[in-house]
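A closer look at the structure
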Amino acid sequence: MIGRHIKLYLAMQSANLRSHMAYPLNFAIGVLSITFLGLSFILVSWVITQKVPIINGWSTYELIFMTSLRRTTHGIFIAFFVQSWFLDSLIRNGEFDRFLVRPLNPMFSFAAHNIQIYGFGDMLAGIIGLAVSMAHIPDWTFGKIVYLLVIVFSGAAIEWSLQMLIGCMVFWTLQGGAMRNILDQLLAQFTRYPLSIYNGALQVLLTFVLPVAFISYYPSSFLLGNRSDSTFSPLLMYLTPLVALLLVSVTYFVWTKGLNAYKGAGT
Amino acid sequence: MGKYAAYTITTLKNTQVYKFDVLLRVINSFILVIAFREVWRAIYANGQGLALSTGVTSQGMQTYAMLSVILFAIMPPSISYEISDKVRDGSIVFDMQKPWDYEWMHFSKAAGVFLYSMVYAVIPQLVAVFLFFPIDYPAGVQAAAFAASVLLAFLLSFLINFIVGMTAILFTETWGIEMFKSVITDICSGAMVPLWFFPDAVSRVLLWLPFQGIFNIPLSLFIGKITGTAIWEQLAFQAAWCLILLLLSRVILAWIERKLVITGG
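Residues numbered from 1 in each chain as written. Chains lettered and ligands numbered in written order. Predicted model: local features only at pLDDT ≥ 70, side-chain atom pairs only at ≥ 80, totals over all residues. Heavy atoms only, no water.

Under the annotation held in an unreviewed UniProt entry, chain B carries the name ABC transporter permease and is attributed to Paenibacillus durus.

Per an unreviewed UniProt entry, the recorded name for chain A is ABC transporter permease, and the organism is Paenibacillus durus.

Structure follows, in structure tokens:
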């Protein structure tokens, strides 16, 4: 059963990928320019730390590590799950119904709907940033690198959940795409510097309401040597995978409720 | 002139339709204002003698960062996507045949969006910033120079957008070029990091490029980093680049119009 889904997913995504590669020049320029964009975020961190080498106890390469972590997870989100951005327009155009009539779980069908090659540009920039910064940060063990992989996928899952939760508003309100920009902005801005530089209200918001801080700040705190400079319990450093699991469950629940509401409205 | 003014007014009216969108945009950039301010406050708190070495106080830098977000809202939108859509469906030909100047047409439209952003985005945001984060603002000559500099910045940004937009006619697919343009503009204009923060060798190069006229000059005027005779030099720098880019855009436009006539038969 699971094997069949994996096979099906690979087949669908490789078809998507081939359709995107129909224009190789566009493909190359697109991936290249997104890599460039991703690297520019890393460059900004570098420029600032040339004048101010330590920000709230975080050094140049530690800050680059944090920014790159978010770029990598964002790349995975964009490549494989970007369709959650377009839930509202898919529903308005009536294209969404095709996921419901297929003999597959609608979530699976929806997730395999698209692959966005530009995500690979973000991943590339992120991986370059991670590699460069990790080379300058001592004490990497095999265990830590495995955990880093878990963190990367958890981060992508957190971003996916937040985006989907906002996207799912469309089932009840038939709009909601506009809120997306605000979420994108929060994700882009507040994953680049340690949470401790922000005021208390923002720290509460980014930890407990929209847990953006679990994407890069808390796991970096743990991976870069068990520092705990947040105002909250040091336990939060270890919780990224759990937060991801919890959010994904909540999102799946909301999605199921949303589908029911949508079917109810449609008939 | 009348037809261009009419086009500006029409654009203004069209953009006013999306009220909810405006509200979200204002919220969005207010989040950015707060984020930028907090980041720079922290950076200054951690830097040794930063105010002395850069000549800008923490308060000045916070003002710079907050205003850069607001200034971003009045910069003209990219036209590449619109042009490449029109190239794809062929309607570009009709635009070019109309009895108006193609560049003026786009400028009138950008002016409409400018007026709109001014009223619905910049003014509410400025009021919010003044209420929540008291900042020092310029007066007299300094204020007048800032206003003039913002207009020149708008013009510079428009010309860069127009030139990049023109390439859409040649390549049809513009996504990548547009992306490169925004990254380069964001970095080199001082929108993300002011130019005096870059390593010396880099900032010396960036100071000669037109991009610094978009954010670095007007914002430096606002916080008083540029004073005295330097004010006139910097305004002249912006004006000179506007002139160069204007000439360049005219040459490209003339060349493309000729090319379109030939291929159009």
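On we go from here.
On to the overall build of chain B, then. For chain B, the count of helices and strands is 12 helices and 0 strands. For chain B, the N- to C-terminal ordering of α and β elements is α-α-α-α-α-α-α-α-α-α-α-α. Against the globule reference of 18 Å for 265 residues, chain B gives a C-alpha radius of gyration of 20 Å, in line with a compact fold. Oriented by its inertia axes, the alpha-carbon framework of chain B measures out at about 65 × 45 × 35 Å. Carbon and sulfur atoms form 71% of the exposed surface of chain B, whose accessible area is close to 12,300 Å². Side chains of chain B give 16 positive and 15 negative charges; the mean places of these two sets differ by 3 Å. (Helix = DSSP H or I, 4+ residues; strand = E, 2+ residues; numbered from the N terminus. Rg over C-alpha atoms; globule rule 2.2 N^0.38 Å. Areas by Shrake-Rupley, 256 points an atom, 1.4 Å probe, with all protein chains shown as cover. Lys, Arg positive; Asp, Glu negative; His and termini not counted. Charge placed at Lys NZ, Arg CZ, Asp CG, Glu CD.)

With that out of the way, let us pick up the UniProt feature "transmembrane region" (unreviewed entry) in chain A. The feature "transmembrane region" (unreviewed entry), as annotated in UniProt, sits at residues 21-48, 68-87, 108-133, 145-174, 195-215 and 235-255 of chain A in this numbering. Secondary structure content for residues 195-215 of chain A is 48% helix and 0% strand, and the end C-alpha separation is 11 Å. (UniProt positions renumbered as here; feature names shortened; annotations may be inferred.)

Before going further, it helps to examine the pattern of salt bridges. Residues and elements named next belong to chain B. Here the structure, examined in full by the defined rule, presents 12 salt bridges over all chains. With a closest N to O distance of 3.9 Å, Glu82 and Lys86 form a salt bridge. Residue Glu82 and its partner Lys86 are located together in helix α5 (residues 80-89), separated by 4 residues, close to a single helical turn. Owing to a relative accessible area of 24%, Glu82 belongs among the partly exposed residues under this scheme. Taking relative accessible area as the criterion, Lys86 reaches 23% and is therefore assigned partly exposed. (Salt bridge = Lys/Arg side-chain N within 4 Å of Asp/Glu carboxyl O. Buried < 20%, exposed > 50% of the residue type's maximum accessible area, 1.4 Å probe, protein only.)

Turning to its location among the elements, Gln185 of chain A is positioned in helix α9 (residues 179-189). Taking relative accessible area as the criterion, Gln185 of chain A reaches 18% and is therefore assigned buried. Not counting residues up to four positions away in its chain, the partners in contact with Gln185 of chain A are Asn28 and Leu32 of chain B. (Contact = heavy atoms within 4.5 Å.)

If you walk through the whole model with that rule in mind, you get 41 aromatic pairs over all chains. Summarising the aromatic geometry, the rings of Phe72 of chain B and Phe215 of chain B are spaced 5.8 Å apart at their centres and angled 25° between planes, so their arrangement reads as stacked. Placement of the pair is Phe72 of chain B in helix α4 (residues 58-74) and Phe215 of chain B in the loop between α10 (200-206) and α11 (216-223), with a sequence separation of 143 residues. Residue classification places Phe215 of chain B among the buried residues on the basis of a relative accessible area of 3%. Cluster of aromatic residues (ring-pair linked, three or more members): Tyr4, Tyr102, Trp104, Phe107, Phe114, Phe154, Phe158 and Phe162 of chain B. Looking at Arg71 of chain A, its charged tip hangs above the ring of Phe41 of chain A, at a distance of 4.5 Å from the centre. Above the plane of the ring of Trp85 of chain A lies Arg180 of chain A, whose end atom (NZ or CZ) is 4.4 Å from the centre. (Phe/Tyr/Trp six-rings, centres within 6.5 Å; stacked < 30°, edge-to-face > 60°. Lys NZ or Arg CZ within 6 Å of the ring centre and 35° of its normal.)

With that out of the way, let us pick up α11 of chain B. Residues and elements named next belong to chain B. Across the 8 residues of α11, 7 count as buried, placing the element largely inside the fold. The set of residues buried in α11 consists of Asn216, Ile217, Pro218, Leu219, Ser220, Leu221 and Phe222. Once α11 finishes, Gly224 follows within two positions and takes phi at roughly 80°, a positive value.

The next subject is helix α10 (residues 200-209) of chain A. Within the span of α10 of chain A, buried status applies to Leu202, Gln203, Leu206 and Thr207 of chain A. The arc that holds the buried residues of α10 of chain A, viewed along the axis, is 115°, so those residues lie on one side. Exposed side of α10 of chain A, more than 90 degrees from the buried face: Ala201, Phe208 and Val209 of chain A are the residues found there. Next to the buried residues of α10 of chain A lie α11 (217-223) of chain A together with α2 (19-46) of chain B. (Arc of directions from axis to C-beta.)

Attention now goes to the confidence of the model for chain A. Of the residues in chain A, 96% reach a pLDDT of 70 or more, and the chain-wide mean stands at 87. The secondary-structure element of chain A with the lowest mean pLDDT is helix α4 (residues 87-92) of chain A, recorded at 82, while helix α3 (residues 60-81) of chain A shows the highest, at 94. (pLDDT = per-residue confidence, 0-100.)

In this section: the UniProt feature "transmembrane region" (unreviewed entry) in chain B. All names here are of chain B. The residues that UniProt annotates with the feature "transmembrane region" (unreviewed entry) are residues 22-43, 63-81, 113-133, 145-171, 205-223 and 235-256. The distance from the first to the last C-alpha atom of residues 63-81 is 33 Å, and the span holds 74% helix and 0% strand. In residues 205-223, the share of helix is 53% and the share of strand is 0%. The end C-alpha atoms are 23 Å apart.

What follows is about the environment of Ala145 of chain B. All names here are of chain B. Within the secondary structure, Ala145 is located in helix α8 (residues 140-171). According to the relative accessible area criterion, Ala145 is buried, its value standing at 3%. In this structure, the C-alpha to C-alpha distance between Ala145 and Trp208, residues 63 residues apart in sequence, is 20 Å. If sequence neighbours within four positions are ignored, Ala145 has contacts with Leu221, Ile231 and Leu235.

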